[in-house]
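Take a look at the letters that make up each chain.
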Amino acid sequence: IAHKNDDSKHISIFCSACQQTVHPYHLLYHKKTHKALTLLGFDCQTKTDNKILLAQRQKLISTLTKIPKYSETHRQKIDYSFEFLMDNHTPTSQCDFANITPSTFKKVSNSLIKALSICQDKNSTWQGDMEDRFIVLDNYGNRADTCFLGVVDGSHGVTAAETVAAELPLLFLDQLAQMDSSYKKSKDEQQILDSLATVFKADYREKEKIFSEKPESDETNKANTYEWIHKAYAKSFWRMDRLLRLGRNEVSKVRWSGCSAVTCLVERIPSEETDGTEEEERKHSENMPSPSPRTAKGVAGLLHIANAGNTHAVLCKNGKSHCLSKEHSTSNVSERKRILQNGGNISTNEPDGLVEGYLRTTRGLGHHGDPVLKRSVIPVPHTVSVPIDDSCEFLILASNGLWEVLDYNEVLALTLTTFTHYLRTYECLQPNGTSPYKCQYLMPFTEDNLNDPKAINDLQDGIEILYSNEDICLAESKGNLKQKKMNSKLFCDKPASYTGQELLKTVSPVASKPPPQFEKDPKTYPSNCEPQTAGRGKVTSETVYDNAASYISEQLVKTAIAAGSRDNITILIILLSGCSKI
């Protein structure tokens, strides 16, 4: 199924601020209106006219002039907001989509994943080079139903992002293989790792002991079965940053490149009834710690997420968004406090300042050319393990180009709307109105059927670990996300998102308008599902999911550009088993 023309006009996006539906092309103007109203002291849903705006402007300026520390910058903001609202101009719908790289879907053999697609755009209006990279590795570690995914967002050059995309998976695999013998390294991979081993000298290995010799209680080991994976993540990020100190392929002699990264290890958990045997459990128990723990019934697999910087991962579960990453930037209060306490500086640049006047991200890999900057920007990832089952529909990994203009609730709403729009279109193409899907996806999404008060219980048995440069903190999210205290430090039960919103906020996608016409795709792909006849050729269920994933990723990129993104955009979307029940 191919698309003849742009479909954006048939899809609306749900604004999480005012609960209204907005056309993607109008989103930038819509959000600017919200910002202007807020700065003038109005609610985002307040109805105003020219008389009210003029009176409010005069009131704010009068108050401002009486303050001893008069701010000309704030005065300019008031005037700009007033002029913007007074103009009442029609939002433009002219966006350049000509340079968007067509989305590509990758075939992975993981039974948890129905389809996977990547779409990128350089955003040529604002960026001269494409500095984002992505990672898709199937049968990771020579293990069936295990894959490693990632998005790397480069900064000040592409060198660090390219190096991380190539070498971080090897470093992580090396750590996993030391703890779990089921992860295998090929001869070529082992040869590369041996060549890199000379970099990690004795003094550096001594520092790494923080990841393996942290004192732990029996209660902690019992509660957090996946801590060994989190430590493997932390150590591999640590080593990756050390390799970037070599400055390979760097161009500048003053300020080397760096990057943010979000990675995901997807593994299927065999069911105890069919796959688990006492012999297998005995073999696994010989490793430290056990990599294949006993899991709750109904859990099909696990997501192990790690991120450093402003790249993020969002999981859609039961129609609700779950942010699985943490924002490491100057907008994060705890990150600002860490930098200032350690002697770093944060400038007064808008909106939240820049680390040493240069960088917005407070964690990441690279940036070794500036020792003062590197003192504040640390390679310490936030890690989390989450069980997934048939209630999980989508997983989205994306670079900052998407998240700087859309929050994860808006991304989820747009993803659900786009997916249901695509399936409606597919059903229209079936002869006699037949479809390989049931009609659940035709049910309208409303605020009532998505606003479930039990959302806080959706991620049962999920475990989070945050590694800091001093302590390792644990929080177990079970039931109402209880907090645990470890090493005299408390970790919040809700990971901070870049918008500071609640972790499990529900949204209401908008029903799509009548879809445009599509062409038939003569391509077919192998599938265990029975093929469905559509027009001239056969279209399998797998083909539909592949095309749906490509369609969604392209629409997300187009919406980000229309919403005013100024960064490179890379979106990796994974359709999980639960999407068939939408």
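Cut-offs and rules
Residues numbered from 1 in each chain as written. Predicted model: local features only at pLDDT ≥ 70, side-chain atom pairs only at ≥ 80, totals over all residues. Heavy atoms only, no water. Helix = DSSP H or I, 4+ residues; strand = E, 2+ residues; numbered from the N terminus. Buried < 20%, exposed > 50% of the residue type's maximum accessible area, 1.4 Å probe, protein only. Contact = heavy atoms within 4.5 Å. Salt bridge = Lys/Arg side-chain N within 4 Å of Asp/Glu carboxyl O. 1 Å grid on protein atoms, 1.4 Å probe; cavity = no way out; pocket = protein on both sides within 12 Å on 5 of 7 lines; lining within 4 Å. Points joined across faces, edges and corners; volume = space filled by probe spheres on them. Nonpolar A, V, L, I, M, F, W, Y, C, P; charged D, E, K, R; others polar. Axes fitted to C-alpha atoms, helices over the stretch in contact; angles between N-to-C directions. Parallel < 35°, antiparallel > 145°, perpendicular 65-115°, else oblique. Left-handed = near helix turned anticlockwise from the far one by under 90°. Disulfide = S-S within 2.5 Å. Expected span 1.5 Å × (residues − 1). Phe/Tyr/Trp six-rings, centres within 6.5 Å; stacked < 30°, edge-to-face > 60°. Pairing = 2+ DSSP bridges. Core = buried A, V, L, I, M, F, W, Y, C linked by side-chain atoms within 4.5 Å. Polar contact = N/O pair within 3.5 Å; in protein donor to acceptor, adjacent residues only side chain to side chain. pLDDT = per-residue confidence, 0-100.

1. A short note on the overall build of the chain
Helix and strand counts for the chain stand at 15 helices and 22 strands. Counting every position in the chain, which comprises 582 residues, the buried fraction comes to 53%. The contacts in the chain between residues at least 6 apart in sequence include a share of 72% that link residues at least 24 apart.

2. Digging into the pattern of salt bridges
According to the stated counting rule, one finds 18 salt bridges in the structure shown. The shortest N-O distance in the salt bridge between D546 and K107 comes to 2.7 Å. With D546 in helix 15 (residues 541-562) and K107 in the loop between strand 4 (101-105) and strand 5 (113-121), the pair connects residues that are 439 residues apart, well separated along the chain. Relative accessible area serves as the criterion here: at 2%, D546 is assigned to the buried category. Across the pair R255 and D370 runs a salt bridge, and its minimum N-O distance is 2.9 Å. Of this pair, R255 sits in the loop between helix 8 (227-244) and strand 8 (258-268) while D370 sits in the loop between strand 12 (365-366) and helix 11 (371-374), placing them 115 residues apart in sequence. You can call D370 buried: its relative accessible area is 17%. Three or more residues joined by partner-sharing salt bridges are found here, namely R57, R75 and D79.

3. Thoughts on empty space enclosed by the protein
Counted according to the given criterion, the structure contains five cavities of 30 Å³ or more. The space that makes up the second largest cavity amounts to roughly 50 Å³. Lining the second largest cavity are T159, A160, T163, L243, L244, G247, R248 and E250. Tallied by class, the residues present in the lining of the second largest cavity amount to three nonpolar, three polar and two charged.

4. Some details on the packing of helix 1 (residues 27-39) against helix 3 (residues 72-87)
The N-to-C vectors of helix 1 and helix 3 enclose an angle of 130°; their axes lie 9 Å apart at closest approach. Relative to helix 3, helix 1 is oriented oblique. Here the hand of the crossing between helix 1 and helix 3 comes out left-handed. Residues Y29, K32, T33, A36, L37 and L39 of helix 1 touch helix 3, and the partners they reach there are K77, I78, Y80, S81, F84 and L85.

5. What about the state of the cysteines?
Under the counting rule described, the total for this entry stands at zero disulfides. Of the cysteine sulfurs around C264, a residue in no disulfide, the closest is that of C147, at 7.3 Å. With no disulfide of its own, C579 has C316 as its nearest cysteine by sulfur position, at a separation of 9.8 Å.

6. Points about the packing of helix 4 (residues 159-179) against helix 8
Closest axis-to-axis distance for the helix 4/helix 8 pair is 8 Å, and the angle between their directions is 140°. Accordingly, the angle class assigned to the pair helix 4 and helix 8 is oblique. The element helix 4 and its partner helix 8 pack so that their crossing is right-handed. Here A160, T163, V164, E167, L168, L171, F172, D174, Q175, L176 and M179 of helix 4 come into contact with helix 8, specifically with W228, I229, A232, Y233, K235, S236, F237, R239, M240, L243 and L244. Split into classes, the residues belonging to the contact of helix 4 with helix 8 amount to 15 nonpolar, three polar and four charged.

7. Considering helix 15
Its 22 residues place the ends of helix 15 31 Å apart at the C-alpha level, agreeing with the 32 Å of an ideal helix rising 1.5 Å per residue. Judged by how many residues are buried, helix 15 sits mostly within the fold: 20 of 22 residues are covered. Once helix 15 ends, the next one or two residues include G564, with phi positive near 100°.

8. Some thoughts on the packing of aromatic side chains
Counted according to the given criterion, the structure contains eight aromatic pairs. A centroid spacing of 5.6 Å and a plane angle of 40° characterise the contact between F148 and F172, whose relative ring orientation is tilted. Of this pair, F148 sits in strand 7 (residues 146-155) while F172 is found in helix 4, placing the two residues 24 residues apart along the sequence. As far as the burial class goes, F148 and F172 line up, both buried.

9. Focus on the environment of V386
Position of V386 among the secondary structure elements: in strand 13 (residues 382-388). Separated by 81 residues in the primary sequence, V386 and I305 have C-alpha atoms spaced 8.2 Å apart.

10. Overview of the pairing of strand 11 (residues 320-323)
Burial along strand 11 is two-sided: K320 and H322 and S321 and C323, pointing in opposite directions, are all buried. Hairpin connection, strand 10 (residues 312-317) to strand 11: the antiparallel pair is bridged by two residues, and N318 has positive phi, about 55°.

11. A closer look at the nonpolar core
Judged by nonpolar contacts, the single largest core of 43 residues is most densely connected at F394, L402, F419, I571 and L575. If one sorts the elements of this core by residue count, helix 15 sits on top with 10 residues. If you look at the next biggest cluster of nonpolar residues, it comprises 35 residues, including I135, L176, L196 and V199.

12. Examining the side chain of R242
Residue position: R242 is located in helix 8. For R242, the residues in contact, after removing those within four places along its chain, are V199, F200 and Y204.

13. A short note on the side chain of S321
Topologically, S321 is positioned in strand 11. Of note is the side chain of S321, whose polar atom sits 2.6 Å from the side chain of N409.

14. Comments concerning unusual backbone geometry
Of note in this structure, H156 is not a glycine but carries a positive phi near 60°. Mapped onto the elements, H156 comes out in the loop between strand 7 and helix 4. Notably, E356 is not glycine yet its phi reads approximately 55°, a positive angle. Position of E356 relative to the elements: it lies in the loop between helix 10 (333-341) and strand 12.

15. Considerations on the confidence of the model for the chain
Chain-level statistics for the chain give a pLDDT mean of 75 and a share of 69% at 70 or above. Within the model, pLDDT remains below 50 along residues 1-6, and this stretch shows 20 contacts once partners closer than five positions in the same chain are excluded. Scored below 50 in pLDDT, residues 217-223 shows nine contacts in the model against residues more than four places distant or in partner chains.

16. Focus on the environment of V199
As for its position among the elements, V199 is in the loop between helix 5 (187-197) and helix 6 (202-207). When the C-alpha positions of V199 and R242 are compared, they lie 8.0 Å apart, and in sequence the two are 43 residues distant.

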